[in-house]
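So you can see what is in the structure, the chains are spelled out below.
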Amino acid sequence: MSILVRNLTKSYGYAKAVDDISFEVHSGEILGFLGPNGAGKTTTMRIITCYLSPNRGTVQVEGRDVHTESLEVRKLVGYLPEQNPLYLDMNVLEYLEYTAQLQAVAGPMIPRRMKEMVEVCGLAEMKHKDIGQLSKGYRQRVGLAAAMIHDPKVLILDEPTSGLDPNQIVEIRSLIQNLGKQKTVILSTHILPEVQATCNRVIIINRGKIVADGPIQELQRSMHGGMKILLEVETPENQGAELISIQIKSIPSIEVVSVLNERHEIKKFAIETSNAADIRKDLFQLCVQKGWNLLELHMEQTSLEDIFRQLTQDVKK
Amino acid sequence: MNFANIKYIFRKELKSFFNSPVAYIVIVVYLVILGWFFTSNLFLNNMSTLRTVFEMTPFLLLFFGPAMTMRLISEEKKTGTLELLFTKPVKEYEIITGKFLAAWALYFFTLLPTLCYYITVTIIGTLDTGAVIGGYLGLMLVGAVFLAISVFGSSITENQIVAFIVSLFIVFALFMLDKVLFYLPSSLGNILEYISIDYHFSNIARGVIDSRDIIYYASAVGFSLFMATVVLQKRRWA
């Protein structure tokens, strides 16, 4: 067990930022922490990194309590805060050295760790530049390098890819995935594809409570079993999209048929079913029967976006 | 207490003083103002003494102390780098102590060039070296109090200007205390006299090193830094 959170509660005044949440993270896991803005992601991370103290509950990192063994915990954790604050007047190497010193890296090890981090994070060309002169992408790399300088067992990254261009995002993601092989990683984000690309487990948090916890595939399965099917057909011009959608609806278990677009003969529909039954066969048969030309038939799995929206909006209603 | 951490923070802060214009502006402006007061009176008074240095410096320090230290913590609060420090195995008082010592060292480097006056005056006259040593010791102690208070001022806000004004206000009040004693009842006067910075300084500046004065300075510095530490620790429970 790498991280253990039990009945954690944190309030700011009367507002509860985190409300009685519990979860565990095993070593070697990359956990995605998802939630709308203000859901309590950053607060939870700040408690695990000992920046804030919880009002109630216990948090342990590698078996050490954040309250009673705070300094030990801080040695085990590498943290990249939201907004990635850095000392802009220091150059990259100075900053890495300072971080290593404060993280209590043994003196003789420091140059080696700095060299490794510069290599891993691709900072070789920038290492003598002031951080203030670096672009956002490079600053993010400096932040990551600093978070990992003491080879921590646990990495906590608060929105690690915010403000990066697509190439940099891909780079940082693959970096995180590599790290996840030996370390425990928690990363927060509200970019959903990021979770799908990097994490093997997701926790969705909303209004201070955990609303879903599990591997992505499992979450997709557990969501109420509706399917979404895209259908594109070519029909004679005299049959309008409305008419066709009524015919499609004759298939049982179809709930909604909506017309996505209609250009002369070609019509596109989105079909939603009420259960997990695969109705593609029925649709195909229908097309054959009616003499429509089938152009596209595609089943979509419930995406993480859908899960996320369902879980985080229901509560608000 | 982890002295290594204090040393790292001290070194980093001192370096950033000298990497930015702060150190040079403070040193140059201080020397120009002091130099003007010192030389314009030296031959007029025809006395071999460094009294101008010892009298003017605490007064100038009222402004320079808060100006030197105003960004020390407030800047880190504003940019968020304080969060980096707090999540490293470093204690709050180590951060405060390191930063305070860096400001005190910058103050030491500001005073250092005034030794020229000492050399000049000893060449053309005879100077009481004991009194000079006492004077400089007193200046370092007064400086320590002013700077510690300003570190506290910097810790309570993320706005440098607010930090400057709050620090200036506290330091100025302590400095002026023994100038208004005259208007107060004598029972209150004794207490306020003891709190006043200037009262203790005048003893040391005469070359009298009294343990009561040393204790006063040490406790004023200790109390200010303690308060700054409390302010930083408070954020955990915010």
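Residues numbered from 1 in each chain as written. Chains lettered and ligands numbered in written order. Predicted model: local features only at pLDDT ≥ 70, side-chain atom pairs only at ≥ 80, totals over all residues.

Draft legend 1. Quick look at the overall build of chain A. Within chain A one finds eleven helices and 14 strands. Principal axes of the C-alpha set define a box for chain A whose edges measure 80 × 45 × 35 Å. Looking at chain A as a whole, 39% of its 317 residues qualify as buried. Counting only contacts in chain A whose residues sit at least 6 apart along the sequence, the fraction spanning at least 24 positions is 67%. (Helix = DSSP H or I, 4+ residues; strand = E, 2+ residues; numbered from the N terminus. Buried ≥ 20, exposed ≤ 12 C-beta atoms within 10 Å, placed from the backbone. Contact = placed C-beta atoms within 7 Å.)

Draft legend 2. Structural detail: the sheet that holds strand β3 (residues 30-34) of chain A. Residues and elements named next belong to chain A. Taken in spatial order, the six strands of this open sheet run β6-β7-β8-β3-β9-β10, and their pairing is mixed. Each having just a single partner strand, β6 (77-80) and β10 (209-214) make up the two edges of the open sheet. Within this sheet the neighbouring strands show an average axis-to-axis angle of 15 degrees, counted without direction. Direction of pairing for strand β9 (residues 201-206) relative to β10: antiparallel, over a ladder of five bridges. Its bridge partner lying in β10, Asn-206 is registered against Lys-209. (Pairing = 2+ DSSP bridges. Axes fitted to C-alpha atoms, helices over the stretch in contact; angles between N-to-C directions.)

Draft legend 3. How the structure looks around the interface of chain A and chain B. Contact residues are listed per partner, giving 21 residues for chain A and 19 residues for chain B. Tallied by class, residues from the side of chain A that touches chain B come to 13 nonpolar, five polar and three charged. (Nonpolar A, V, L, I, M, F, W, Y, C, P; charged D, E, K, R; others polar.)

Draft legend 4. Structural detail: the environment of A:Val211. Residues and elements named next belong to chain A. Structurally, Val-211 is set in strand β10. The spacing of Val-211 and Ile-21 is 190 residues in sequence and 9.9 Å in space, taken between C-alpha atoms. Excluding anything up to four places from it in sequence, Val-211 contacts Ile-204, Ile-205, Asn-206, Leu-311 and Thr-312.

Draft legend 5. Local environment of the domain arrangement of chain A. Entries for chain A in the domain assignment read domain 1 (3-222) and domain 2 (228-301). A straight line from the C-alpha centre of domain 1 of chain A to that of domain 2 of chain A covers 46 Å. (Domains from an automatic or database assignment.)

Draft legend 6. The packing of helix α8 (residues 129-155) of chain B against helix α12 (residues 211-234) of chain B, seen in detail. Residues and elements named next belong to chain B. Contact pair α8 / α12: the axes reach a minimum separation of 8 Å and the direction vectors enclose 15 degrees. Classed by the angle they form, the pair α8 and α12 counts as roughly parallel. For α8 against α12, the interelement crossing comes out left-handed. Here Leu-141, Ala-144, Val-145, Ala-148, Ile-149, Val-151, Phe-152 and Ser-155 of α8 lie close against α12, whose contacting residues are Tyr-217, Ala-220, Val-221, Ser-224, Leu-225, Met-227, Ala-228, Val-231 and Leu-232. Classifying every residue of the contact of α8 with α12 gives 15 nonpolar, two polar and no charged. (Parallel < 35°, antiparallel > 145°, perpendicular 65-115°, else oblique. Left-handed = near helix turned anticlockwise from the far one by under 90°.)

Draft legend 7. Structural view of the nonpolar core. In terms of nonpolar packing, the biggest core is built from 130 residues, with A:Ala145, B:Ala103, B:Val145, B:Ala148 and B:Val151 touching the most fellow members. Ranked by the residues each element gives to this core, the list is headed by α8(B), at 13 residues. Excluding anything up to four places from it in sequence, B:Ala148 contacts B:Phe100, B:Ala220, B:Val221, B:Ser224 and B:Leu225. (Core = buried A, V, L, I, M, F, W, Y, C linked by C-beta atoms within 7 Å.)

Draft legend 8. Examining the packing of helix α2 (residues 21-45) of chain B against helix α6 (residues 92-111) of chain B more closely. Residues and elements named next belong to chain B. With their axes 9 Å apart at the nearest point, α2 and α6 run at an angle of 40 degrees to one another. Classified by the angle their axes make, α2 and α6 are oblique. Remark: the crossing between α2 and α6 carries right-handed chirality. Of the residues in α6, those touching α2 at Ala-23, Val-26, Ile-27 and Tyr-30 are Leu-106, Phe-109 and Thr-110.

Draft legend 9. Molecular detail of the pairing of β6(A). All names here are of chain A. Of the two faces of β6, the one holding Val-77 and Tyr-79 and the one holding Gly-78 and Leu-80 are both buried throughout. Both β6 and strand β7 (residues 154-158) contribute to a ladder of four bridges, which runs parallel. Across the sheet, the residue bridging to Leu-80 is Leu-157, located in β7.

Draft legend 10. The arrangement of helix α4 (residues 110-120) of chain A in detail. Residue and element names in this part refer to chain A. All of the buried residues in α4 are Arg-113, Met-114, Met-117 and Val-118. Viewed end-on, α4 has its buried residues packed into an arc of 135 degrees, placing them on one side of the element. In this structure, α4 carries Pro-111, Arg-112 and Glu-119 as exposed residues pointing more than 90 degrees from its buried face. Turning to α4, the residues buried within the fold contact α3 (92-102) and α5 (136-148). (Arc of directions from axis to C-beta.)

Draft legend 11. Molecular detail of unusual backbone geometry. All names here are of chain A. The backbone phi angle of Asp-151 is positive, close to 50 degrees, even though this residue is not glycine. Relative to the helices and strands, Asp-151 resides in the loop between α5 and β7. Judged by the 14 C-beta atoms lying within 10 Å of it, Asp-151 is partly exposed. Within the chain, Glu-159 stands out as a residue other than glycine whose phi angle is a positive 50 degrees. Structurally, Glu-159 can be placed in the loop between β7 and α6 (166-179).

Draft legend 12. Just the sheet that holds strand β1 (residues 3-12) of chain A, in detail. Residue and element names in this part refer to chain A. The strand order across the open sheet built from four strands is β2-β1-β4-β5, with neighbouring strands paired in antiparallel fashion. Strand pairing shows two members of the sheet lacking a second neighbour, β2 (15-25) and β5 (64-65), which therefore form its edges. In this sheet, β5 lies alongside strand β4 (residues 56-61) in antiparallel orientation, the contact comprising two bridges. Across the sheet, the residue bridging to Gln-60 is Asp-65, located in β5. Each of β1, β2 and β4 touches helix α1 (residues 41-48); the most contacted strand, β1, lies at about 120 degrees to it.

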